[in-house]
Amino acid sequence: NLSTVSFVSIAIRIFCAPKYPTYGHYPLEENAYIQTAIFGSSFCTSAKESFFLILRNAARVGAITYVSGGVVFVGKVFICTLTTGISYFALDHYLRNELYSLIGPLVFIAFISWFIAGMFMSIYDMGIATILQCFVADEEMFSSDQMYAEGSLKTWVDNHGEK
């Protein structure tokens, strides 16, 4: 029920946010949504299951989450820099004689592109979290020869995440 999910989401933000500041990012809520999508269980059950799944694999999940945070930051910087650079050349070519300075419009473009890049990269970050939860759940539910994860993904996670 959408109203129940909305109510629980608001309740988590009201009661959990002051205790655990996460700068607008609510990992419990995000992981619960991922578990709901994977297993089809209720939101509260999914929140509990995702918490314990991550707790059981804290070192691996922490290491990969740390790396993905760096990738997201580099992605935001790249998008912002590229957008501002292209805008500089476009403004310089088409509007150089009509503008007093290019700095004001470029700062505004950089500011807006940073937030738009953040929106796109948050989707990328959610994808990383989803793949990681699927992998860890797959690893816990099945033996290594029955896992759905491919060998290259398993090798990469084993090499880059502590178990």
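Residues numbered from 1 in each chain as written. Predicted model: local features only at pLDDT ≥ 70, side-chain atom pairs only at ≥ 80, totals over all residues. Heavy atoms only, no water.

A. Geometry of the overall build of the chain. Tallying secondary structure elements over the chain gives six helices and zero strands in all. Its helices and strands taken in sequence order, the chain reads α-α-α-α-α-α from the N to the C terminus. Restricting the contact set of the chain to residue pairs at least 6 apart, pairs at least 24 apart contribute 58%. On the chain, roughly 11100 Å² of surface is accessible, and the fraction owed to carbon and sulfur atoms is 69%. (Helix = DSSP H or I, 4+ residues; strand = E, 2+ residues; numbered from the N terminus. Contact = heavy atoms within 4.5 Å. Areas by Shrake-Rupley, 256 points an atom, 1.4 Å probe, with all protein chains shown as cover.)

B. Broad picture of the environment of L53. Following the sequence through the fold, L53 ends up in helix α3 (residues 43–56). According to the relative accessible area criterion, L53 is buried, its value standing at 4%. Measuring from C-alpha to C-alpha, the distance between L53 and E140 comes to 9.0 Å, with 87 residues separating the pair along the chain. When neighbours within four sequence positions are excluded, L53 is seen to be in contact with Q35, Q133, V136, A137 and E140. (Buried < 20%, exposed > 50% of the residue type's maximum accessible area, 1.4 Å probe, protein only.)

C. Here's a closer look at the environment of Q35. Here Q35 is to be found in helix α2 (residues 27–39). Since its relative accessible area comes to 3%, Q35 is described here as buried. Along the backbone, Q35 and T130 are 95 residues apart, and their C-alpha atoms lie at a distance of 8.5 Å. With near-sequence residues (within four places) excluded, Q35 lies in contact with G40, S41, S46, E49, S50, L53 and Q133.

D. Main features of the packing of α3 against helix α5 (residues 103–141). Running from N to C, α3 and α5 cross one another at 80 degrees; their axes reach a closest spacing of 11 Å. Looking at the two axes, α3 sits roughly perpendicular to α5. In contact with S50, L53, I54 and R56 of α3, α5 contributes Q133, V136, A137 and E140. (Axes fitted to C-alpha atoms, helices over the stretch in contact; angles between N-to-C directions. Parallel < 35°, antiparallel > 145°, perpendicular 65-115°, else oblique.)

E. Quick peek at the packing of aromatic side chains. Counted according to the given criterion, the structure contains four aromatic pairs. Summarising the aromatic geometry, the rings of F73 and W114 are spaced 6.1 Å apart at their centres and angled 70 degrees between planes, so their arrangement reads as edge-to-face. Of this pair, F73 sits in helix α4 (residues 58–95) while W114 sits in helix α5, placing them 41 residues apart in sequence. Exposure remark for W114: the relative accessible area of 28% places this residue in the partly exposed category. Consider the rings of F111 and F115, whose centres lie 4.9 Å apart with planes at 75 degrees: the pair is edge-to-face. One end of the pair is F111 and the other is F115, both in helix α5 and four residues apart, which spans about a single turn. For F115, a relative accessible area of 47% gives the class partly exposed. (Phe/Tyr/Trp six-rings, centres within 6.5 Å; stacked < 30°, edge-to-face > 60°.)

F. View of the pattern of salt bridges. Under the defined criterion, the tally for this structure stands at two salt bridges. Here K48 ties to E49 by a salt bridge, and the two come within 3.9 Å at their closest N and O atoms. Using a relative accessible area of 36% as the deciding quantity, one classes E49 as partly exposed. Between R60 and E139 there is a salt bridge whose closest N-O contact spans 2.4 Å. Remark: E139 occurs in helix α5 and R60 occurs in helix α4; sequence separation between them is 79 residues. (Salt bridge = Lys/Arg side-chain N within 4 Å of Asp/Glu carboxyl O.)

G. Representation of the packing of α4 against α5. Packing of α4 against α5 leaves a shortest axis separation of 8 Å and a crossing angle of 155 degrees. Taken together, the axis directions place α4 and α5 in an arrangement best described as roughly antiparallel. At the point where α4 passes α5, the crossing takes the right-handed sense. Within the contact of α4 with α5, the residues separate by chemical class into 22 nonpolar, eight polar and four charged. (Left-handed = near helix turned anticlockwise from the far one by under 90°. Nonpolar A, V, L, I, M, F, W, Y, C, P; charged D, E, K, R; others polar.)

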